[in-house]
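Fold and geometry: a report
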Amino acid sequence: MSHKKVTMDLKEQKKIKRYFSLIFFLLIVGLAMWYVDFNFIELAKSIPVFLGFIFTDFLPPNFSDVKKYVGPVLDTIFVAVIATCVSSFLAMILAIFMASNTTPHPVFRIVCRGIVSFLRSIPFLLWAALLVVVFGVGVLPGLLGLILYGTAFLARVYAESVEEIGSECTEAIEAVGATYVHQLKHAIIPQFIPSFFSWTLFMFEINLRGSAILGIVGAGGIGSLIKGTMDLFQYSKTSTVIMILITMILVVEYITTRIRERII
Amino acid sequence: MAVSQHSVKGSRREKISIGHKRTQRQQRIFFFSVLILFIFSIVMIDIDGSAIAKGMERLPVILASLTQISFEHFLEMLAGMVTTVVIAFLAVLFSFVISFFLAFLVANNTTPNRYLGLGLRYAVMIIRSVPTPIWVLIAVASIGFGPMAGIIGLMFPTSSFLIKAFSAQIEEEGTEVIEAIRSVGGTWIHVVFKGLLPTILTGMIATLGVRFEIDVHESVVLGMVGAGGIGYLLQSYIQYYDFANLTLGILIVFVTMFLLELSLNRIRALLRTQSS
């Protein structure tokens, strides 16, 4: 009898708890909406305006300047390639310092983790905008911004995959007299290769999207075309650029998927 | 598999290769072609040596000015940061409502009509391939500056991300539960709410958490193209070389992202214990 009562109480408690969390959630939603002066009528009005804008001002696309777009499009791809290669190399080194099972010294681990989480938490477009101040308008600040952010992102995910390997293998070959370098080369790297490929290819996709929008802050590539044509209200040209961008991203995604299937 | 990929190279004794030969060869080809592509890109890209030299000269000065910090605009920036987070929060919330239903229409095992599902899937793919800042640029151009442009600009890529993730989660459930409910006369609504939702809800909430983190990140950037929030302030500090305020702004973004990651990790751990 008493047993039954206890379970009833627990159930009731759970119910009350659920109600409270629901009310709490709704309160947060209400506060959030109040904070930015949000109302549904405005949203309901804005979405048709937005879609109408896309379909009337953007279509039909204007292909008259296509030849001028080739340079920036290639720049976008080159920047993504360089940024991915450089940041994957740097991130490998950082990751080995950062992972708990391969770090040469715990101090390295904490310092590297701190730097990486700082670099990663600032959006790369902000880094790029800051670097535009330093290096002037051009491809270079965008490239460096992508490298900064990409290195931090990859270092974190690489370190996580290295940590997942665990210490069985390293301990085993340490027991037969392997040095630190041997351990890395024969125990860590071979097991790490599949996740290395898959994360690096993923990073390439992110970098391609990133490199396409760098132009918005003045760092070259397709983004500068999009910003430039929109600032001049030549939306039909913008839509051509966006179409090129969509095609480029879909093609690259298709290629990376195929590569992933083959080499992992 | 992973261990066996490694072969004993360079040893003078007889070599016994235990790696998967084809995979290894393909990996080598891949490395080699990436190397060529990398060198080609470096040659082709137009990087001005003098710009690097000038930038390096300027770098110490700018770094030194970034060590200054000014709390003059602290409250303004804090308000901006809250706006940024709120924009991301509302965008994720509305996108969840939209994508929840659409995901069930897209997923192979629950779609009422195969062609409808396929059509939606392609639409999602195209929406997803346009980067978020471009959506926001379009939103700002059509409905003007402000948080509403940010919310609408974020909703499109967020919904498409969520639809893709949710439909994959739904497809993982397979067809057993659906057939069981159908066989006793359950409707589509029953299948969705009684059959699938209880098992996939935890996964959905985890996905929402991931996307919220991404959206806060994006929302900071969006301010820089005119959607309000802290990004707008940061962009104006950069434009006017106001580094003392910029430093504080960057720190505020860093601390917010850090706290967000910590709390989302807590929620994830809680969900894991609840579901197991």
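Chains are numbered independently. Their residues run from 1 in the order of the written sequence. Chains and ligands are labelled sequentially in the order written, the chains with letters from A and the ligands with numbers from 1. Local features in this predicted model are restricted to residues whose pLDDT is 70 or higher, and side-chain atom pairs enter the listing and the counts only when it is 80 or higher, whereas totals over whole chains, interfaces and linings include all residues. Values shown for side chains rest on all heavy atoms present in the structure; no hydrogens or waters enter the calculation.

1. Comments concerning the overall build of chain B
- From N to C terminus, chain B includes 10 helices and zero strands.
- By the criteria applied, helices consist of DSSP H or I runs no shorter than four residues and strands consist of E runs no shorter than two, each listed in order from the N terminus. Mapped from its N terminus to its C terminus, chain B presents α and β elements in the order α-α-α-α-α-α-α-α-α-α.
- Here the radius of gyration uses the C-alpha set of atoms, whereas the globule reference equals 2.2 Å times the residue count to the power 0.38. Against the compact-globule benchmark of 19 Å for 276 residues, chain B has a radius of gyration of 25 Å, which places it well outside the compact range.
- Taken across its 276 residues, chain B has 47% of its residues classed as buried.
- The Shrake-Rupley method, run with a 1.4 Å probe, gives the accessible areas here. Residue values count only the displayed protein chains as cover. Carbon and sulfur atoms provide 67% of the accessible area of chain B, an area that totals close to 14600 Å².
- For the charge count, each Lys or Arg is scored as positive and each Asp or Glu as negative, with His and the chain ends excluded. To locate a charge, the coordinates of NZ of Lys, CZ of Arg, CG of Asp or CD of Glu are taken. The positive charge centre, built from 20 side chains, and the negative charge centre, built from 16, are 15 Å apart in chain B. For every residue, the accessible area obtained with a 1.4 Å probe (protein chains only) is divided by the maximum for its type, and the residue is called buried under 20%, exposed over 50%, and partly exposed between those limits.

2. Here's the deal with the packing of helix α10 (residues 235-263) of chain A against helix α1 (residues 21-44) of chain B
- Lines fitted to C-alpha atoms define the axes here, with helix axes fitted over just the stretch in contact, and angles between the N-to-C directions of these axes take values from 0 to 180 degrees. At their nearest, the axes of α10 of chain A and α1 of chain B sit 9 Å apart, and the two run at 140° to each other. One finds that α10 of chain A runs oblique with respect to α1 of chain B. Contacts between α10 of chain A and α1 of chain B involve Ile259, Arg262 and Ile263 of chain A from the former and Thr23, Gln26, Gln27 and Phe30 of chain B from the latter.
- Classifying every residue of the contact of α10 of chain A with α1 of chain B gives three nonpolar, three polar and one charged. Roughly parallel here means an angle under 35 degrees, roughly antiparallel means over 145, roughly perpendicular means 65 to 115, and every remaining angle is called oblique. Here, residues are in contact when the closest pair of their heavy atoms is within 4.5 Å. Each residue gets one of three labels, nonpolar for Ala, Val, Leu, Ile, Met, Phe, Trp, Tyr, Cys and Pro, charged for Asp, Glu, Lys and Arg, and polar for the others, Gly among them.

3. A look at the interface of chain B and chain A
- Of the residues lining the interface, 72 residues belong to chain B; the matching set on chain A comes to 70 residues.
- The term buried area refers to how much accessible surface (probe radius 1.4 Å) is lost by two components on association, counted for both of them together. Summed over both sides, the interface between chain B and chain A buries roughly 6400 Å², with carbon and sulfur atoms accounting for 83% of that surface.
- One side-chain nitrogen of Lys or Arg within 4 Å of one carboxyl oxygen of Asp or Glu is enough to make a salt bridge. Our count for the contact surface shared by chain B and chain A stands at three salt bridges.
- Close ionic contact of glutamate 253 of chain A with arginine 128 of chain B constitutes a salt bridge, the shortest N to O distance being 3.7 Å.
- It is α1 of chain B that contributes the most residues to the side of chain B that touches chain A, 12 residues altogether.
- Taken together, the residues that form the side of chain B that touches chain A break down as 56 nonpolar, 12 polar and four charged.

4. Considering the pattern of salt bridges
Residue and element names in this part refer to chain A.
- Within the structure shown, the criterion is met by 12 salt bridges over all chains.
- Put simply, arginine 258 and glutamate 261 hold a salt bridge, and the shortest N to O gap is 3.7 Å. Here the residue arginine 258 and the residue glutamate 261 both occupy positions in helix α10, the gap between them amounting to three residues, near one helical turn.
- A residue is classified by how much of its surface remains accessible, and arginine 258, at 40% relative accessible area, is partly exposed.

5. Thoughts on the domain arrangement of chain A
- Source of the domain bounds: an automatic or database domain assignment. Considered domain by domain, chain A is made up of domain 1 (2-57) and domain 2 (66-263).
- Taken over C-alpha atoms, the centre of domain 1 of chain A sits 36 Å from the centre of domain 2 of chain A.

6. Let's talk about the environment of alanine 107 of chain B
Residues and elements named next belong to chain B.
- Summarising the element assignment, alanine 107 is placed in the loop between α3 (74-106) and α4 (114-129).
- A residue is classified by how much of its surface remains accessible, and alanine 107, at 0% relative accessible area, is buried.
- C-alpha separation for the pair alanine 107 and serine 167, spaced 60 residues apart in sequence, amounts to 4.7 Å.
- In contact with alanine 107, other than residues within four places in its own chain, are Arg121, Ser167, Ile170 and Glu171.

7. Some thoughts on empty space enclosed by the protein
Residues and elements named next belong to chain A.
- Both site types are read off a 1 Å grid over the protein atoms alone. A 1.4 Å probe that fits but cannot get out defines a cavity, while an open set with protein on both sides within 12 Å along at least five of seven lines defines a pocket; lining residues have an atom within 4 Å of a point. Grid points are joined across faces, edges and corners, and a volume is the space filled by probe spheres set on the points. For the structure on display, the rule yields two cavities of 30 Å³ or more.
- Each pocket or cavity is described by its volume, and for the largest cavity that value is around 40 Å³.
- Taken together, Asp75, Thr76, Val79, Val139, Gly142, Leu143, Ser211, Leu214, Ala219, Gly220 and Gly221 make up the full set of residues lining the largest cavity.
- Of all elements in the fold, only α3 (66-98) and α6 (139-165) reach the threshold of two or more residues within the lining of the largest cavity.
- Split into classes, the residues belonging to the lining of the largest cavity amount to five nonpolar, five polar and one charged.
- Residue lining of the second largest cavity: Met92, Ala95, Ile96, Val162, Ile188, Ile189 and Phe192, and that is the complete set.
- Of all the secondary-structure elements, those providing two or more residues to the lining of the second largest cavity are α3 and α8 (180-213).
- Across the lining of the second largest cavity, the residue classes tally to seven nonpolar, no polar and no charged.

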